[in-house]
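# Fold and geometry: a report
Chain residues, written in single-letter form:
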Amino acid sequence: MKRLVLSCLLAPAFLAACQPGSTGSDTGEPVLSYEDAFIQAPLAGRDVTMGGIRITVEGGGVTLTGVTSDVAETVETHTMEMVDDRMTMRPVDGFEIKAGDTLVMDRGGNHLMLFGLQEDLAAGDTANITLTFESEGGETLTLEAEAEVRAVGE
Ligand SMILES: [Cu+2]
């Protein structure tokens, strides 16, 4: 089985190499890249928080099918929507990303939700986030992201 995996486990200074456009593929197989992966430091006493990431795919479309992290028991993908004039969030099982597009997960919109956090997680830490995708051809792809734990408001 052919598996295209792109890891960007690099310091911020090297992230330019992982930005959209630098990983294009002519083979028709999706190539994933990411930037700006973060986890918001949990409020004191809470074991739930949110996170974000920008994922770009080149060369073919994918669906984001699952997320895990080494600092959380479970990770869900959520979106925000208006229900009865109030912004609420709900889980989304599969985010589609078309070839050439970027899925933005950040505060106030699509985002990651982390449950069962490791107790000592704090701003300044780094955490691994593993994202699993299915290509249009049915292949499984994995993206390993390194996320920065940021204080609220940073
Ligand atoms: Cu949420």
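For the structure, see preceding data.
What counts as what
- Residues numbered from 1 in each chain as written.
- Predicted model: local features only at pLDDT ≥ 70, side-chain atom pairs only at ≥ 80, totals over all residues.
- Heavy atoms only, no water.
- Helix = DSSP H or I, 4+ residues; strand = E, 2+ residues; numbered from the N terminus.
- Buried < 20%, exposed > 50% of the residue type's maximum accessible area, 1.4 Å probe, protein only.
- Polar contact = N/O pair within 3.5 Å; in protein donor to acceptor, adjacent residues only side chain to side chain.
- Pairing = 2+ DSSP bridges.

## A short note on the side chain of threonine 49
Mapped onto the secondary structure, threonine 49 falls in strand 2 (residues 48–58). We classify threonine 49 as buried; its relative accessible area is 5%. Separated by 2.5 Å, the side chain of threonine 49 and the backbone oxygen of glutamine 40 make a polar contact.

## Digging into the pairing of strand 8 (residues 111–117)
Taking burial as the measure, the seven residues of strand 8 include six buried ones, the bulk of the element. As defined by bridge partners, strand 2 adjoins strand 8 across four bridges and the pair is classed as antiparallel. Pairing of valine 48 across the sheet is with phenylalanine 115, part of strand 8. Taken together, the six bridges between strand 4 (residues 72–83) and strand 8 define a ladder with antiparallel strand orientation.

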